[in-house]
Every structure is written in structure tokens, then in C-alpha cells.
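Summary of the model geometry
Listed here are the chains, written in short residue letters.
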Amino acid sequence: MAIKEIKTSKLDPEQFIAEKVVEISATVGDGLAINALSGGVDSSAVTMLGHRALGDRLKTYFIENGLMRQGEPQRIVALFAEFGVRVELVDARDKFFAALRGVTDPEEKREAITQTFYKDVFGKLVRESGAKHLLQGTILTDVDETVAGIKRQHNVFGQLGIDPQEAFGYKIIEPLVQIRKDGVRKVAAALGLPESVYNRMPFPGPALSARVIGEATRERIALVRQATAITEEALADTKAFQYMAILHEDRVTGMRDGKRDFGLQIEIRCWDSVDARKAKPTRLPWKTLRELSGRMLKEVPGVVSVTYNIAPKPPSTMEVV
Ligand code: XMP
């Protein structure tokens, strides 16, 4: 069934929130629901909607998949505690790295994350908690790109003919599926979330594994995590829609201390966009790029090459995997 889009210009956040709270309450009845909070604007908005609708009958988890950014799990748990939302940290790092072992193809990588997340980790949490519903923050752009066959977004099922009840043993509720990123930001602000959350830059479900070309091992994720922290610091003032560091698979010849160094390549991407459907590389000042490259070469072990992507989406996509 086609999803009826609510255009951001037509969105009344208060009315939207009131309707979704009623819908969630009606669907879950007097049962329990669970959800995963990653700290991004989508899952944060869903968490607040779910709590308004269900109170303590919504169990919120932060899945530590080993692919998150520096300091992220603790930061999110502390932030939501301020709103009276208890977030339980689930350590699933070994499961995710086992599923990603030897996987290099982008779509296979996305599928490995999806299966681990929904079948393995959430299947178990659902069985243990007795919940029958999972609330999640799928937005319309996720559905569009998956249906168009561009990228298998980690959180899209129904539109691909997958019945979550059959595949994973629970039903999925998607309160944000009629809106896009700019709409979610409005809803998140109306839910009382701070600007650091509602204006937060998007981050993909497959997390840092989407920022590593080739196999996402613990070591390579650690490298891209460090490169991501440097990039986010260096570009924080740009007001761009999204920026990221990518670790390439190919090595290139470089030199260090007068000797050959067959080293690593980091690609920087920084995007101007409204809703992620189309995007253009931000015209960053040369000084910003030079300083960023300087830090990358100095602080991330083994890096000898730093590039800046200048291709727009399309034909590029924002993430590299
Ligand atoms: P692409 O790479 O498709 O990204 O141009 C468009 C926007 O979507 C984010 N993205 C994802 N978000 N699950 C998500 O929740 C995913 O699997 C996923 N893949 C990409 C990406 O960061 C960008 O903002």
C-alpha cells in the first residue's frame, strides 16, 4: 500500500504528535512495546512519542553494536535520563562483528546488520520481555531508497514483502513513515527534545560500518571512529546537512620519515541538503580542509592520503556503502 506523504510545509507537529500517540496506544493496547534508541533524531522522536503513549510499557534499549561514534552510548543514556526515560544498554558487539566477518559487499553488509539487529538481538529482547511490538523511526526517504533499489535501508521490511511477524516474531510500528527528515526535526522540537537532538546531523543505521569500504573489522572501525571524531569537530561550524569520514579499502603509496609507507586513505564528505534526497558537496574553505587533513594525517595511524568528495547526489549517494 502506498504511504501518504505529509509534506513538511503542511505538517502541524502538535496535531501529528497527538494523532501518533493515539495510534500507538490503540495498536499496543495494554501490552508492552520495545524500541531501540540510537540518539539520532528519528529514534529520539519515536522514543518520546512511545513514552507519551505507553509510559513504562515502552522498554527502550541502546544497542551497543561496536559501530557507534566515540562516547555515544553513555552520552545517550545520560541525556534521556534527564527526560525520565530509562534506557538499557545492551552489549551486542561480539554478535555484530561476528556477522560482519569477511563481508565486503555493501548490500551484504547492510543485510548482516539487519539480520543481527532484528532477528538475533531484538528477537531475543522480545522473547525475554514479552513485548509484541517494536517501535521504530523509519522515515519516508528510507522507504523510497529501498524500494527504488538504491540502498537496502536497514529498517525497511513491509515494502519489500517481508512480514516482520513471520521473519522476527513481532510487529513493527512506524510512526514517522509519512514524513521526511526536516519534518522529523519539527516533531522532535515539538516533543521538547533539545536542539542538540532535533538538529543533530543524520547518522546511518548501519553506523560506522557504512563508513568503511570493504570489511568492517574492529580495527578498521576504530580507525574510522577516530577519523569521524576529528571530522565532526573540524566541521561543526559549517552548518552543513551532514559530514563524514570514510576509510577506503585500497592502500596507496606514501612516505613517512623518508621511507615508503603503503598507507591508508580517508575520504571526507560534507553535504548540503534539505531532506537527503538530493545533495551537493559543501564549498568548504580551503583553510578548513587543510586543517582537517593535517589533523587526520597526524592523529590517525597509517593515513597517508586525505581526499574531499566533490560529486553530487545523484549520481553519488551520501554514504559510501
Ligand atoms: P544515502 O547514502 O542513501 O543516504 O544517500 C541518505 C541519508 O540516509 C542516511 N542513511 C541511513 N539512515 N538507515 C538509516 O536510518 C540506513 O540504513 C541508512 N543509510 C543511509 C544517510 O546517512 C543520509 O543521511
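As a reminder, the structure under discussion sits directly above these lines.
Summary of the structure given here. What you see is a predicted model, and the numbers here were worked out from it, not measured in a lab.

**Section: the overall build of the protein**
A count of helices and strands for the protein gives 11 helices and 10 strands. Taken over the C-alpha trace, the protein has a radius of gyration of 20 Å; the compact-globule value for 321 residues is 20 Å, and the two agree within 12%. Roughly 15000 Å² of accessible area belongs to the protein as shown, and the carbon and sulfur atoms make up 52% of that amount. Side-chain charges of the protein comprise 46 positive and 43 negative groups, with the mean position of each set lying 2 Å from the other.

**Description of the environment of Glu 72**
Examined against the element boundaries, Glu 72 turns out to sit in helix 3 (residues 72-81). Residue Glu 72 is classed as buried on the basis of its relative accessible area of 4%. Each C-alpha atom of the pair Glu 72 and Phe 62 lies 9.9 Å from the other, and the pair is 10 residues apart in sequence. Looking at Glu 72, its side chain comes within polar contact range of the side chain of Arg 200, at 2.7 Å.

**Focus: unusual backbone geometry**
Note: most peptide bonds trans; most residues except glycine with negative phi. The omega torsion of the bond from Lys 313 to Pro 314 falls at -15°, within 30 degrees of zero and hence cis. With respect to the helices and strands, the residue Pro 314 is situated in the segment after strand 10 (303-308). Residue Pro 315 is bonded to the preceding Pro 314 through a cis peptide linkage, with omega at 5°. Mapped onto the fold, Pro 315 is located in the segment after strand 10. One non-glycine residue, Ala 207, lies in positive phi territory at about 55°. Mapping Ala 207 onto the fold places it in the loop between helix 9 (195-198) and helix 10 (218-234). Looking at Ala 207, the relative accessible area reads 0%, which means it is buried.

**Let's talk about the environment of Val 224**
Structurally, Val 224 is set in helix 10. Take Val 224: its relative accessible area is 0%, and that puts it in the buried class. Remark: the alpha-carbon pair of Val 224 and Val 300, spanning 76 residues in sequence, is separated by 8.7 Å. Ignoring any residue separated from it by four or fewer positions in sequence, one finds Val 224 in contact with Leu 208, Arg 211, Val 212, Ala 245, Ile 246 and Leu 247.

**Observations concerning the site of the ligand**
Surveying the vicinity of the ligand reveals 15 residues, the closest of which are Glu 145, Lys 151, Gln 242, Lys 313 and Glu 319. Residue Lys 151 places a side-chain N or O atom 2.5 Å away from an oxygen atom belonging to the ligand. In isolation the ligand has 490 Å² of accessible area, and contact with the protein removes 94% of it. Its residues assigned to classes, the shell around the ligand shows five nonpolar, five polar and five charged.

**Some words on the sheet that holds strand 5 (residues 171-173)**
As summarised here, the arrangement of the five strands in space is 3-2-1-4-5, forming an open sheet in which the pairing is parallel. Edge positions in the open sheet fall to strand 3 (87-91) and strand 5, since each of these has one partner strand only. Pairs of neighbouring strands in the sheet enclose a mean axial angle of 35°, with direction left out of account.

**Side note on the side chain of Thr 282**
Residue position: Thr 282 is located in the loop between strand 9 (280-281) and helix 11 (286-299). The exposure class of Thr 282 is buried, given its relative accessible area of 10%. In this structure, Thr 282 is in contact with Ala 240, Cys 270, Trp 271, Asp 272 and Tyr 308, ignoring residues within four places of it in sequence.

**Brief notes about the packing of helix 1 (residues 13-28) against helix 8 (residues 181-190)**
With their axes 9 Å apart at the nearest point, helix 1 and helix 8 run at an angle of 80° to one another. Considering their axes alone, helix 1 and helix 8 lie roughly perpendicular with respect to each other. Every residue of helix 8 that contacts helix 1 at Pro 13, Glu 14, Phe 16 and Ile 17 is listed here: Lys 186, Val 187 and Ala 190. Residues of the contact of helix 1 with helix 8, tallied by class, amount to five nonpolar, no polar and two charged.

**Topic: helix 11**
Its 14 residues give helix 11 an end-to-end C-alpha distance of 20 Å, which sits within 8% of 20 Å, the value for a rise of 1.5 Å per residue. For helix 11, every residue scored as buried is listed here: Thr 288, Leu 289, Leu 292 and Met 296. Mapping the buried residues of helix 11 onto a view down its axis gives an arc of 95°, with all of them on the same face. Exposed positions of helix 11 whose direction lies more than 90 degrees from the buried face are Trp 286, Lys 287, Arg 290 and Lys 298. Of the surrounding elements, those touching the buried residues of helix 11 are helix 10, strand 8 (259-272) and strand 10.

**Notes on the packing of helix 4 (residues 93-100) against helix 5 (residues 106-129)**
Taken N-terminus to C-terminus, the directions of helix 4 and helix 5 make an angle of 145°; their axes are 9 Å apart at the nearest point. As helix 4 packs across helix 5, the resulting crossing turns out to be right-handed. Listed contacts from helix 5 to Lys 95, Phe 96, Ala 99 and Leu 100 of helix 4 are Lys 109, Ala 112, Ile 113, Thr 116, Phe 117, Asp 120, Val 121 and Lys 124. For the contact of helix 4 with helix 5, the residue count by class is seven nonpolar, one polar and four charged.

Reading the values: the criteria
- Residues numbered from 1 in each chain as written.
- Predicted model: local features only at pLDDT ≥ 70, side-chain atom pairs only at ≥ 80, totals over all residues.
- Heavy atoms only, no water.
- Helix = DSSP H or I, 4+ residues; strand = E, 2+ residues; numbered from the N terminus.
- Rg over C-alpha atoms; globule rule 2.2 N^0.38 Å.
- Areas by Shrake-Rupley, 256 points an atom, 1.4 Å probe, with all protein chains shown as cover.
- Lys, Arg positive; Asp, Glu negative; His and termini not counted.
- Charge placed at Lys NZ, Arg CZ, Asp CG, Glu CD.
- Buried < 20%, exposed > 50% of the residue type's maximum accessible area, 1.4 Å probe, protein only.
- Polar contact = N/O pair within 3.5 Å; in protein donor to acceptor, adjacent residues only side chain to side chain.
- Contact = heavy atoms within 4.5 Å.
- Near = heavy atom within 4 Å.
- Nonpolar A, V, L, I, M, F, W, Y, C, P; charged D, E, K, R; others polar.
- Pairing = 2+ DSSP bridges.
- Axes fitted to C-alpha atoms, helices over the stretch in contact; angles between N-to-C directions.
- Parallel < 35°, antiparallel > 145°, perpendicular 65-115°, else oblique.
- Expected span 1.5 Å × (residues − 1).
- Arc of directions from axis to C-beta.
- Left-handed = near helix turned anticlockwise from the far one by under 90°.

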